[in-house]
Amino acid sequence: MFKASLRSHLTLWFAGLSLLTLLSVGFYVGHIATGQMKQASGNALLSTAKSAAELLGAQLRERQLEVSLLSRAPLLKRGNLDDPDILTSMELRTQSRAEYAWMGVADADGRVRQAVNGLLVNQSVKERPWFQAGLRGDYTGDPHEAVLLAKLLPGSASGEPLRFIDFAAPIRNAQGQVVGVLGAHAHWSWVTKIVDAAVLQKGTAPEVEALIVDHDGKVLYPEQLAGEQLPNLPGTLKTPDTAPGWSVGNGYLTSAVAVPTPSSAGLTWYIAVRQPLDIALHPARVLFYKLLALGFIAAIIFGLVAYYLALHLSRPIEQLARAAKQVQDHQPDVAFPLQHSVREIAQLVQSIQGMTQSLLGKERELQEANTSLEATVAQRTVALTQANANLLKLATHDALTGVFNRRRFDEKLAECSLLFQRTGRTFALLFIDVDYFKRINDTHGHAIGDEVLEQLAKLIQRNTRATDFVARYGGEEFAVLLPEIEEPESPEVVAEKIRVAIAEAHFASVGQVTVSIGVGLAELSDSNASALIRRADQQLYQAKGAGRNRVCCTA
Ligand SMILES: Nc1nc2c(ncn2[C@@H]2O[C@H](COP(=O)(O)OP(=O)(O)OP(=O)(O)O)[C@@H](O)[C@H]2O)c(=O)[nH]1
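Residues numbered from 1 in each chain as written. Predicted model: local features only at pLDDT ≥ 70, side-chain atom pairs only at ≥ 80, totals over all residues. Heavy atoms only, no water.

Draft legend 1. Highlighting the UniProt feature "transmembrane region" (unreviewed entry) in the protein chain. The residues that UniProt annotates with the feature "transmembrane region" (unreviewed entry) are residues 287-310. The span residues 287-310 is 100% helical and 0% strand by assignment, and the distance between its end C-alpha atoms comes to 33 Å. (UniProt positions renumbered as here; feature names shortened; annotations may be inferred. Helix = DSSP H or I, 4+ residues; strand = E, 2+ residues; numbered from the N terminus.)

Draft legend 2. Fine view of the sheet that holds strand S16 (residues 515-521). Sheet architecture is open: five strands sit in the order S14-S15-S13-S16-S17, paired in mixed fashion. In the strand order of this sheet, the two ends are held by strand S14 (469-474) and strand S17 (551-553), each with one partner. Neighbour to neighbour, the strand axes of the sheet diverge by 20° on average, direction disregarded. Sitting on the sheet, helix H9 (residues 406-423) touches strand S13 (428-434), S14 and strand S15 (477-482), and the angle it makes with S14 is about 125°. Of the strands in this sheet, S13, S15, S16 and S17 touch helix H12 (residues 490-504), which is tilted by about 170° from S16. (Pairing = 2+ DSSP bridges. Axes fitted to C-alpha atoms, helices over the stretch in contact; angles between N-to-C directions. Contact = heavy atoms within 4.5 Å.)

Draft legend 3. Fine view of the site of the ligand. The full set close to the ligand counts 16 residues, and Tyr436, Phe437, Asn441, Arg472 and Arg548 are the nearest of them. Val434 is positioned with one of its backbone polar atoms (N or O) 3.1 Å from an oxygen atom of the ligand. At 2.6 Å from an oxygen atom of the ligand is found a side-chain nitrogen or oxygen belonging to Arg472. Protein contact buries 68% of the 660 Å² of open area that the ligand shows by itself. Elements that contribute at least two residues to the shell around the ligand include exactly S13, helix H10 (437-444) and helix H11 (446-462). No other element matches H11, which puts four residues into the shell around the ligand. (Near = heavy atom within 4 Å. Polar contact = N/O pair within 3.5 Å; in protein donor to acceptor, adjacent residues only side chain to side chain. Areas by Shrake-Rupley, 256 points an atom, 1.4 Å probe, with all protein chains shown as cover.)

Draft legend 4. Broad picture of the pattern of salt bridges. Under the definition given, this model contains 25 salt bridges. Arg425 is paired through a salt bridge with Glu484; the nearest N and O atoms lie 3.1 Å apart. Placement of the pair is Arg425 in the loop between H9 and S13 and Glu484 in the loop between S15 and H12, with a sequence separation of 59 residues. In this structure, the salt-bridge partner of Glu523 is Arg535, at a minimum N-O distance of 3.6 Å. Placement of the pair is Glu523 in the loop between S16 and helix H13 (529-545) and Arg535 in helix H13, with a sequence separation of twelve residues. Using a relative accessible area of 34% as the deciding quantity, one classes Glu523 as partly exposed. Residue Arg535 is classed as buried on the basis of its relative accessible area of 14%. (Salt bridge = Lys/Arg side-chain N within 4 Å of Asp/Glu carboxyl O. Buried < 20%, exposed > 50% of the residue type's maximum accessible area, 1.4 Å probe, protein only.)

Draft legend 5. Structural context of H13. For H13, spanning 17 residues, the distance from its first C-alpha to its last is 24 Å, which sits close to the expected 24 Å at 1.5 Å a residue. In this fold, the buried residues of H13 make contact with H9, S13, S14, S15, S16 and S17. Downstream of H13 by one or two residues, Gly547 has phi in the positive range, about 120°. (Expected span 1.5 Å × (residues − 1).)

Draft legend 6. Inspection of the environment of Ala226 at higher detail. Following the sequence through the fold, Ala226 ends up in the loop between strand S8 (219-221) and strand S9 (242-243). A relative accessible area of 36% places Ala226 in the partly exposed class. Along the backbone, Ala226 and Ile212 are 14 residues apart, and their C-alpha atoms lie at a distance of 9.3 Å. The residues contacting Ala226, other than those within four sequence positions of it, are Val219 and Leu220.

Draft legend 7. Spotlight on the packing of aromatic side chains. A full pass over the atoms with the stated rule returns nine aromatic pairs. Geometrically, the ring pair formed by Phe27 and Phe288 is tilted, given 5.1 Å between the ring centres and 55° between the ring planes. With Phe27 in helix H1 (residues 6-71) and Phe288 in helix H7 (residues 282-328), the pair connects residues that are 261 residues apart, well separated along the chain. Each residue in the set Phe27, Phe288 and Tyr289 is aromatic and connected to the rest through ring pairs, giving one cluster. In this structure, Arg274 packs its charged tip against the face of Tyr252, placed 3.9 Å from the ring centre. For Arg439, the ring lying beneath its charged end belongs to Tyr436, and the centroid distance is 4.2 Å. (Phe/Tyr/Trp six-rings, centres within 6.5 Å; stacked < 30°, edge-to-face > 60°. Lys NZ or Arg CZ within 6 Å of the ring centre and 35° of its normal.)

Draft legend 8. Main features of the confidence of the model for the protein chain. This prediction gives the protein chain a mean pLDDT of 86; 94% of its residues lie at or above 70. Segment residues 235-243: pLDDT under 50, and ten contacts once partners within four positions in sequence are set aside and those in other chains are kept. The ipTM assigned to the predicted complex is 0.92, against a pTM of 0.52. (pLDDT = per-residue confidence, 0-100.)

Draft legend 9. Region of the structure containing the nonpolar core. One finds Leu56, Ile165, Ile212, Trp269 and Ile271 to be the most contacted residues of the largest nonpolar core, which totals 49 residues. The dominant element in this core, judged by the number of residues it contributes, is H1, at nine residues. Lining this core are residues from two domains, each supplying at least three of them: domain 1 (26-61 + 192-283) and domain 2 (62-187). With residues near it in sequence (within four places) discarded, Ile165 still touches Leu60, Gly141, Asp142, Pro143, Ala184, His185, Ala186, Trp188, Trp190, Val191 and Trp269. Among the nonpolar cores identified, the runner-up in size contains 33 residues, and Val403, Ile460, Ile517 and Cys553 belong to it. (Core = buried A, V, L, I, M, F, W, Y, C linked by side-chain atoms within 4.5 Å. Domains from an automatic or database assignment.)

Draft legend 10. Focus on the pairing of strand S11 (residues 252-258). Burial analysis of S11 places five of its seven residues in the buried class, which makes it a mostly covered element. One ladder, built from three bridges, connects strand S10 (residues 246-249) with S11; its direction is antiparallel. Bridge pairing in S11 links Val248 to Leu253. What sits between S10 and S11 in their antiparallel hairpin is a turn of two residues, with Asn250 showing a positive phi close to 55°. With seven bridges connecting them, S11 and strand S12 (residues 270-276) associate as antiparallel partners. What sits directly across from Ser255, in S12, is Val273.

Draft legend 11. The environment of Val25, seen in detail. Take Val25: it is sitting in helix H1. The exposure class assigned to Val25 is partly exposed, which follows from its relative accessible area of 42%. Between the C-alpha atoms of Val25 and Leu291, which are 266 residues apart in sequence, the distance is 8.4 Å.

This is the structure:
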């Protein structure tokens, strides 16, 4: 498994955590800023919409009041709708206010009696809403396309149809009876210019649009949006993200304010001021991206700082790990890191250094003890081997003469008997007994007798082969086993050779010594080794009986 260094771990953790923290702060601040920006923009739109609505309301009220006051003028109250002063009065009004497209008076039957520029004079306006509402009271109407005046007035420069809003007021005589209606048509463009002027003043936020909306939420202005339904006017459609005075929907931040109506004739307009949400929240978004960029830059700086900090912290630990590895590999002169400003690291270095030195000391002592133990064990092993060899020799050899003892002879005789039974190759047994040995002992003492026995053993060994087996059978009697006899007479030849060698030898203090030898040959009919011993012993007995210093052999 891949294992990253302490340095990498620390760097990644520091950088990762700082990035995470800064991103969290960035997102949080961005979120707060977006909310506040939305609030601020919404409030600004609301304020603009309010001032536009108030301005338009004031203008409409003024026009309504103007028509209303004119309808109550004394010359109209007299009831003579054909009075030329009425026309003069109307002309003065229309000349001073360019917004008026038409002004005139109609009698109670709906026939236009007088009008500025003579337009529609004598025509019936009985079916027109302004006339019918004007009979009942002061009236300000919704915009509408020119019906009767369309052909009489020049069209707009843009080619759009002529649109008017109507003002009307009843004309009452001195008795208070309604004798006619004073009507005026104002250009719709006058209204839209007021709204545009109020909304799109210098310093307004970018891409802000002004809309005039009727009481059903349908757009009246601008022309290209006319008839569209505005979704979330206050009181029409609520969205979850709606704050008092402004709302969010269709990608716009919108504020709509009702225009204070000049009359209760059903005219309820809203001035809606809206701005694309992207534009409204642009500064917050810029702030958010700046915070993100700042977060990344800070994370990189934190990462670098963390790297150098990690380097400072991890270097002694890495050196310590290297030193520990060198100690493990039994390298000489291991260098431990020097002092460190962090107390715990300095303590750790000191402790490990002390521990390592103590361990190395113990290891050295152990090695020395091992070496000394190995030498002692080697010495003891040599001594033990020697003792074992001595013990083995003692167990199998005769202490006085050095040849094999009786116990070993019995084993060897049994082995030879078994081998003979298996291979059929015969072997011979020689019993060699010293002649008159008692006399030697008696004459020269036991010590000289022992020397004689030692010399005899050497003589017998010297006159037999290495493969022959020489043992002290007991007292002054020796036994020799001759394995794998080549010729039947060979044992007798060997026995004679031994006898002659002894007889011709000189023994210190004693002079000449002779031996009698009985030779027995192994036979397949022998049930055990005792038969052969018996035969050799008989031959020895015969040799003694025949005068000693001779060899007797089975025929
Ligand atoms: N010095 C010495 N004498 C021994 C040892 N073992 C046996 N003898 C002596 O050998 C003598 C054997 O005597 P005998 O059995 O009478 O035989 P001998 O005197 O040789 O007479 P023959 O065998 O009939 O010729 C005894 O006196 C034993 O004490 C020994 O290890 N050392």
